[in-house]
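This is what each chain is made of:
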Amino acid sequence: MTTPLETPTPAVPPPLRFVWLEITGKCQLACTHCYADSGPEGTHGAMTADDWRRVIGDVADAGASLVQFIGGEPTLHPDLADLVAHALDQGLEVEVFSNLVHVPERLWEVFARPGVRLATSWYSDDPAEHAAITKRPAHARTLSNITEARNRNVPLRAGVIGVLESQRSDRARAQLGALNLGEVRYDDLRGVGRGASAGTEPDTSVLCGRCAHGNLVVAPDGQVWPCVFTRWLPVGNVREQSLGEIMAGDRMVAVVGRLQVDFRTIPCVPNMCDPQCGPSCSPACTPTGCTPTGGCAPDYQG
């Protein structure tokens, strides 16, 4: 169902640069803060492998350079390897955002291909605290696969997510830093999905200010949103229209206009540095990146 816009202000969406492909809602973990409400009971949704291949072709035709496979846990999707290969064949760079709980050998071979990189989230150097957030004892397995990625020279970025009030976030960052990862960032909890307080309706205050700025996400049921955190603002469905038609549609224009109005007053949030998101949608992570109008400019383009 399309959410009505109270004061839609038409605006031309920027050219597409990056797309999240949320290929599944299934995950081994049940993280307390999951923005997608994914978990062991999730499904791969209504999108078929052919549907995803068509969307990937649309992404390439639109001129984007990068797709990120997300979930849920994308390694649980039986067609991930084929979809990554298809994206590479279309000339796209690929990032797979995985919890790295379990990586089959065949997927390590995929991740080692030129043009592919990994991203993951991390919570604590303490296994018990880590499990309190993920609701599964995944600390050792994830850490082992982070090390395996480094040993195989697979590019990997990681983000520590601040979920608990007294979380050992600094120690978690130090632990990953000791592994010589190329990038370790921090992100505050976002009030979306299971991260939202009970009874709280989502709004643009939880966003970084760059939604629909050349980014889109496609969900397992085909819905399209400006960002993984804007699920209350669908702009179309790729099972009904092509991605190009959605981008040119009235709904997309109205949503972009609405977001631009809201973001005129958004503050610069140094801790919103996108480990939960994609590598081309981050706000500035230092106050020097703030624009004169109060918004945040991107400081990392992949």
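I will try to describe carefully the structure that is included in this document.

Considering helix H5 (residues 139-151)
Thinking step 1. Taking 1.5 Å per residue, 13 residues should reach 18 Å; H5 reaches 18 Å between its end C-alpha atoms and fits that length.
Thinking step 2. Residues of H5 that are buried: His139, Thr142, Asn145, Ile146 and Ala149. The arc enclosing the buried residues of H5, seen along the axis, measures out at 140 degrees, which places them on a common side. Away from the buried face of H5 by more than 90 degrees, exposed residues Ala140 and Asn151 are located.
Thinking step 3. Summarising the contacts, the buried residues of H5 are in contact with helix H3 (105-111), strand S4 (116-122), helix H4 (127-134), strand S5 (156-162) and helix H6 (169-177).

Brief notes about empty space enclosed by the protein
Thinking step 1. Scanning the entire structure with this criterion turns up 3 cavities of 30 Å³ or more.
Thinking step 2. Here the largest cavity defines a volume of roughly 390 Å³.
Thinking step 3. Lining the largest cavity are 26 residues, and of these Cys31, Gly72, Phe97, Ser121 and Tyr123 sit closest to its centre.
Thinking step 4. Elements with a minimum of two residues in the lining of the largest cavity: strand S2 (66-70) and H4.
Thinking step 5. A breakdown of the residues in the lining of the largest cavity according to their chemical character gives 12 nonpolar, 12 polar and 2 charged.

What to know about the nonpolar core
What tends to happen in soluble globular proteins is that the nonpolar side chains get buried as a cluster.
Thinking step 1. Counting 82 residues, the largest nonpolar core has Leu21, Phe69, Phe111 and Val218 as its most contacted members.
Thinking step 2. Broken down by element, this core gets its largest block of residues, 6 residues, from helix H2 (residues 80-89).
Thinking step 3. When residues no more than four places from it in sequence are discounted, the contact partners of Val218 are Val19, Trp20, Leu21, Glu22, Met47, Trp52, Val55, Gln223, Val224, Val238 and Leu243.

Overview of the pattern of salt bridges
Thinking step 1. Tallying each qualifying case throughout the model produces 10 salt bridges.
Thinking step 2. A salt bridge links Arg117 to Glu95, with the nearest nitrogen and oxygen atoms 3.3 Å apart. A residue pair is termed long-range when its members are at least 10 positions apart, and Arg117 in strand S4 and Glu95 in strand S3 (residues 93-97) qualify at 22 residues.
Thinking step 3. Under the relative-accessibility criterion, Glu95 is labelled buried at 0%.

As for the side chain of His33
Thinking step 1. Tracing the backbone shows His33 in the loop between strand S1 (18-22) and helix H1 (49-61).
Thinking step 2. A residue is classified by how much of its surface remains accessible, and His33, at 6% relative accessible area, is buried.
Thinking step 3. Here the side chain of His33 touches Tyr123 through a polar contact of 3.2 Å, side chain to side chain.

Some details on the sheet that holds strand S8 (residues 223-225)
Thinking step 1. Judged by pairing direction, the sheet is mixed, and its 9 strands sit side by side in the order S6-S5-S4-S3-S2-S1-S7-S8-S9 without closing on themselves. Edge positions in the sheet fall to strand S6 (183-188) and strand S9 (236-237), since each of these pairs with one other strand and no more.
Thinking step 2. Summarising the sheet, S8 and S9 pair through 2 bridges and their orientation is antiparallel. Counted as the bridge partner of Gln223 is Asn237 from S9.
Thinking step 3. Relative to S4, H5 is tilted by about 150 degrees, and along the sheet it contacts S4 and S5.

Concerning the packing of aromatic side chains
Thinking step 1. As enumerated under the stated definition, the model contains 2 aromatic pairs in all.
Thinking step 2. Arranged with centres 4.9 Å apart and planes meeting at 75 degrees, the rings of Phe18 and Trp20 form a pair that is edge-to-face.
Thinking step 3. Looking at Phe18, the relative accessible area reads 0%, which means it is buried.
Thinking step 4. For Trp20, a relative accessible area of 1% translates into the label buried.
Thinking step 5. When the centroid spacing of 6.1 Å and the interplanar angle of 85 degrees are considered together, the rings of Trp108 and Phe111 count as edge-to-face. With Trp108 and Phe111 both in helix H3, this residue pair falls 3 residues apart, about one helical turn.
Thinking step 6. Classification of Trp108 as buried rests on a relative accessible area of 3%.

Focus: the pairing of S1
Thinking step 1. For S1, the tally of buried residues reaches 5 of 5 residues, placing the bulk of the element in the interior.
Thinking step 2. Alternating residues of S1 divide into Phe18, Trp20 and Glu22 and Val19 and Leu21, and every residue in both groups is buried.
Thinking step 3. By the bridge criterion, 5 bridges tie S1 to S2 in an arrangement that is parallel. Following the sheet pairing, Val19 is matched in S2 by Val67.
Thinking step 4. In this view, the connection linking S1 to its parallel neighbour S2 by way of H1 has right-handed handedness.
Thinking step 5. As defined by bridge partners, S1 adjoins strand S7 (residues 215-218) across 4 bridges and the pair is classed as parallel. Directly across from Trp20, in S7, lies its bridge partner Val217.

Rules used throughout
- Residues numbered from 1 in each chain as written.
- Predicted model: local features only at pLDDT ≥ 70, side-chain atom pairs only at ≥ 80, totals over all residues.
- Heavy atoms only, no water.
- Helix = DSSP H or I, 4+ residues; strand = E, 2+ residues; numbered from the N terminus.
- Expected span 1.5 Å × (residues − 1).
- Buried < 20%, exposed > 50% of the residue type's maximum accessible area, 1.4 Å probe, protein only.
- Arc of directions from axis to C-beta.
- Contact = heavy atoms within 4.5 Å.
- 1 Å grid on protein atoms, 1.4 Å probe; cavity = no way out; pocket = protein on both sides within 12 Å on 5 of 7 lines; lining within 4 Å.
- Points joined across faces, edges and corners; volume = space filled by probe spheres on them.
- Nonpolar A, V, L, I, M, F, W, Y, C, P; charged D, E, K, R; others polar.
- Core = buried A, V, L, I, M, F, W, Y, C linked by side-chain atoms within 4.5 Å.
- Salt bridge = Lys/Arg side-chain N within 4 Å of Asp/Glu carboxyl O.
- Polar contact = N/O pair within 3.5 Å; in protein donor to acceptor, adjacent residues only side chain to side chain.
- Pairing = 2+ DSSP bridges.
- Axes fitted to C-alpha atoms, helices over the stretch in contact; angles between N-to-C directions.
- Phe/Tyr/Trp six-rings, centres within 6.5 Å; stacked < 30°, edge-to-face > 60°.
- Right-handed = clockwise from strand over helix to strand, strands pointing away.

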